[in-house]
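# Breakdown of the fold
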Amino acid sequence: MVKKITLPLTDEAIKDLKAGDSVLISGSMLTGRDAAHKRLFELIEKGESLPVEIEGEVIYYVGPAPAKPGHAVGPAGPTSSYRMDKYTPALLDRGLKGMIGKGARNREVIDSMIKNGCVYFAAIGGAAALISRSIKKAETLAYEDLGTEAIYRFYVEDFPAIVAIDSKGNSILVQSDKH
Amino acid sequence: MEIRKIDAAVVTETVKKLYLDMNYHIGDDILTALKKASETESSPIGRNVLSQLIENNKIASDEEIPICQDTGMAVLFVEYGDRVVIENGSFEEAVQQGVRSAYIDGYLRKSVVRDPVFDRINTKDNTPAIIYTTIVPGDKIHILAGCKGFGSENMSAIKMLTPSAGIEGVKKFILDTVAYAGPNPCPPIVVGVGLGGTFEKAAMLAKKATLRPIDSKNPDKRYSELEYELLSEINTMGFGPAGLGGSNTALGVNIEVFPTHIAGMPVAVNICCHAARHKEAEI
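Structure report, in brief.

Quick look at the sheet that holds strand β6 (residues 157-161) of chain B now. All names here are of chain B. Taken together, four strands build an open sheet; the order of strands is β6-β9-β7-β8 and the sheet is mixed. The open sheet has two free edges, formed respectively by β6 and β8 (250-260), since each of these has just one partner strand. When strand polarity is set aside, the average angle formed by the axes of neighbouring strands in this sheet is 15°. Note: strand β7 (residues 189-197) against strand β9 (residues 265-272), six bridges, orientation antiparallel. Bridge assignment links Val190 to a residue of β9, and that residue is Cys272. On top of the sheet, helix α8 (residues 221-234) reaches β7 and β8; it is set at about 140° to β8, its chief contact.

Next comes the structure, spelled out in structure tokens:
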């Protein structure tokens, strides 16, 4: 059973999402990965305004490959989420509602998700060509100098993902006990 | 002794083709292993993930777009015949130009930054490639090329074990490294293991092991049995495809070995995602 969900997510919609749910996401989302997160985090720490409003948004951890002519975007699968963990609680406190990535999150992120009522989706790592078919349009919003690491807005239709950690902190990720 | 002249442009064109080919078309060894995994996978989500990966590889191949957006850092193992002379350029620059052309003309992502710590500015052409060259007798150049994504590269580890650790110590370090990586390196993974040599030799062997077809075995029966044992053990860990649970955490374990010092037993584990991209060519 696949749930169809639309962005932006309402608080009610987030509460309805349970770890393990397969979803198809439509609407628009932000993108951002290591370098953009570092910059956003530094601005938040300094109490300065952000170049992109993140309140109510979902952010996709991705650095797409260049688009071939005739394609809206190049292959665009998720990157490892744990590298964003250091910056994530500050972004969630600022109103970010969801994240899409791959792999594990740390305790601080999960606690902040529970506190702020947020959801973490897993997209399938390495399914970049397949995922890019659901991205209909991409525009650059900020940090164009970062190239693939810039913040884009993606307009998606039926973007495939799985609720990996829900807003109660339940997780379907098989975490390692070695950490 | 007869010298063979090879034009630098031939080297460049060969390297370019290797990088376009590996990024668009997954190897038969990986595709066969993914299909086999989807038949044996115990978890329904895991089966779904595997079928999406197989479909993804078909889309990439049909449309000639990269399998994964992380088109990696280029690593090449070269066996350079000692009777070869490069004309109209240098071998090093010819290889770098091949990588540069593939990444620019082939819509591959440029993922290399000039300085690792301070400014981290993108070189915009995915160079430099990392080239390991061995001089061998002969008049040919053999190139084994790979592109290494960093989701899995970051999960790799090396340890300078000492002889008393024995085979149990080796197994424990490999399994601990895979368990520590958990769901992060895009399982089902390929595990490259380098045993012996020195600190850097072990790491190079581990890298080379990730580029060996996963349907091949170490020629020494003791090590091929260890490859099989480790693979079975890893697949009981439960991480499964995409780390969402299941019975296929790894597609293969490849071990490469080298003589070492009386005091040492280095072990390096280079983890590679399911998009284990490698191709070879001879000029």
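Back to the write-up after that little detour.
This brings us to empty space enclosed by the protein. The final tally for this structure, using the stated rule, is two cavities of 30 Å³ or more. In this structure, the largest cavity encloses a volume near 80 Å³. A per-class count over the lining of the largest cavity returns eight nonpolar, three polar and one charged. Of the residues that constitute the lining of the second largest cavity, the class distribution is four nonpolar, two polar and two charged.

Taken residue by residue, the interface counts 39 residues in chain A and 34 residues in chain B. Taken over both partners, the interface formed by chain A and chain B buries close to 3,200 Å², and the fraction arising from carbon and sulfur atoms is 61%. If you look at where chain A meets chain B, you find one salt bridge. Between Glu63 of chain B and Arg133 of chain A there is a salt bridge, with its nearest N and O atoms 2.7 Å apart. Counting every contact that joins chain A to chain B gives 13 residue pairs in polar contact (both at pLDDT 80 or more). When residues of the side of chain A that touches chain B are traced back to their parent elements, those giving at least two are α5 (128-132) and β7 (151-165) of chain A. Element by element, the count of residues in the side of chain A that touches chain B is highest for α5 of chain A, at three residues. For the side of chain A that touches chain B, the per-class residue count stands at 21 nonpolar, 12 polar and six charged.

Calculation notes
Residues numbered from 1 in each chain as written. Chains lettered and ligands numbered in written order. Predicted model: local features only at pLDDT ≥ 70, side-chain atom pairs only at ≥ 80, totals over all residues. Heavy atoms only, no water. Pairing = 2+ DSSP bridges. Helix = DSSP H or I, 4+ residues; strand = E, 2+ residues; numbered from the N terminus. Axes fitted to C-alpha atoms, helices over the stretch in contact; angles between N-to-C directions. Contact = heavy atoms within 4.5 Å. 1 Å grid on protein atoms, 1.4 Å probe; cavity = no way out; pocket = protein on both sides within 12 Å on 5 of 7 lines; lining within 4 Å. Points joined across faces, edges and corners; volume = space filled by probe spheres on them. Nonpolar A, V, L, I, M, F, W, Y, C, P; charged D, E, K, R; others polar. Buried area = accessible area lost by both parts, 1.4 Å probe. Salt bridge = Lys/Arg side-chain N within 4 Å of Asp/Glu carboxyl O. Polar contact = N/O pair within 3.5 Å; in protein donor to acceptor, adjacent residues only side chain to side chain.

Worth remembering: the numbers are spatial, not functional.
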